[in-house]
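Inside the fold
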Amino acid sequence: MKIMKKILAAVLIAVSFPVLGAAQAQLTTRKVKIEDFTEKVTKVVLTGNVFFDATFEEEIKNRWVISPYEFCTLEEFDQIKTDPDYYFLIKVKGQFRRESEPGLEFLSVLKGGPEAEKGLDRMMDLITFPLAAADSPSGRETVFLPLILDIIQQHIISSTETDLVAYSSLGAYSNNLGHIRDCLTVLAEDDLSSEITPVVRRIYIKSSVTVEDTDVVDRYVADNAPGTVVSYTVCPEDPQPGSFCYKMLIDVENSELCYFRKHRITRKTGPGFLLEDIKRIAEFAE
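First things first, this report covers the structure right here in the doc. Keep in mind that this is a model prediction, so the values were computed, not measured.

Describing the side chain of Lys111
- The topology assignment puts Lys111 in strand β4 (residues 104–111).
- Of the polar contacts made by the side chain of Lys111, one reaches the side chain of Tyr87; its length is 3.0 Å.
- Ignoring sequence-local partners within four residues, the contact set of Lys111 consists of Lys33, Asp36, Pro84, Tyr86, Tyr87, Met123, Met124 and Leu126.

Brief notes about the sheet that holds strand β2 (residues 69–72)
- Within the open sheet, the 5 strands sit side by side as β2-β1-β3-β4-β5. Their pairing is mixed. The open sheet terminates on both sides in strands that have one partner only, identified here as β2 and β5 (124–133). Neighbour to neighbour, the strand axes of the sheet diverge by 25 degrees on average, direction disregarded.
- Across 4 bridges, strand β1 (residues 41–45) lies against β2 in parallel orientation. The partner of Thr42 across the bridge, within β2, is Tyr69.
- The strands touched by helix α3 (residues 50–63) within the sheet are β1, β2, β3 (86–94), β4 and β5, with β2 carrying the most contacts at an inclination of about 170 degrees.
- Against the sheet, helix α5 (residues 140–161) contacts β3, β4 and β5, and its axis sits at roughly 165 degrees relative to β5.

Considering the sheet that holds strand β6 (residues 184–188)
- The strand order β7-β6-β8-β9-β10 describes an open sheet built from 5 strands, whose pairing is mixed. Unpaired on one side and paired on the other, β7 (209–212) and β10 (256–264) mark the two borders of the sheet. The mean angle between the axes of side-by-side strands here comes to 20 degrees, regardless of whether they run parallel or antiparallel.
- As judged from the 8 bridges shared by strand β9 (residues 244–251) and β10, these two strands associate in the antiparallel manner. If you follow Asp251 over to β10, its bridge partner there is Glu256.

Parameters and conventions
- Residues numbered from 1 in each chain as written.
- Predicted model: local features only at pLDDT ≥ 70, side-chain atom pairs only at ≥ 80, totals over all residues.
- Heavy atoms only, no water.
- Helix = DSSP H or I, 4+ residues; strand = E, 2+ residues; numbered from the N terminus.
- Polar contact = N/O pair within 3.5 Å; in protein donor to acceptor, adjacent residues only side chain to side chain.
- Contact = heavy atoms within 4.5 Å.
- Pairing = 2+ DSSP bridges.
- Axes fitted to C-alpha atoms, helices over the stretch in contact; angles between N-to-C directions.

Following this line, the structure appears as structure tokens:
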């Protein structure tokens, strides 16, 4: 009897494997859902702001290489956003739970589909990258736009190749900090929080890390300075408790995102790179 039970159990297990395999084959992962990205048209949605759109159009023409693209207006986007044959690159405003109004603008790549009728937040989001303050952008977003577009494209291509990236947040790029070992890291003075006192600088700012005026940092970006990593922060113009600040380090020669973190603004913690960020950077800087 025991032998018969074991045989029966073995038969049931053997039968179950094809069934499980068939069920697993029906699962559609994010990677599979966006594998057609390079074949579909990406609609680049213009904002209606003539100053931003002029730069946006120029940089798309210079930088966008991973899919065919067409420009469209916000009105056209609203008409075709439910079409699964399109992807959309669009600037959106983000409002966090504790904010009274949207404080930041982001660049998002979204997949069209019927769920768009229920709102942009229901569309498949391939990547959403912090761009600028919503009401009064500093202008740095246009300087960094070429790098941001490159990073967005690199992330999408990696997402079509592996679910590990497709399901990852941008915070995973903080694992790239080892890249700064061989680079000059230039932090903009305006990107540092009040926690970065002269004492902190003496202890943690190493020889391969410098602090410069924001205009100097932006020139490194404009010049595609080789072997140089620069800072970029995005936070509301008037950050209030509950808002978020995004902090990034970007290799300007290779458009590589080396560090990406965010923190919530509180009464004690303002915008900019915090002490914990500088400590982490110091671990990898020579």
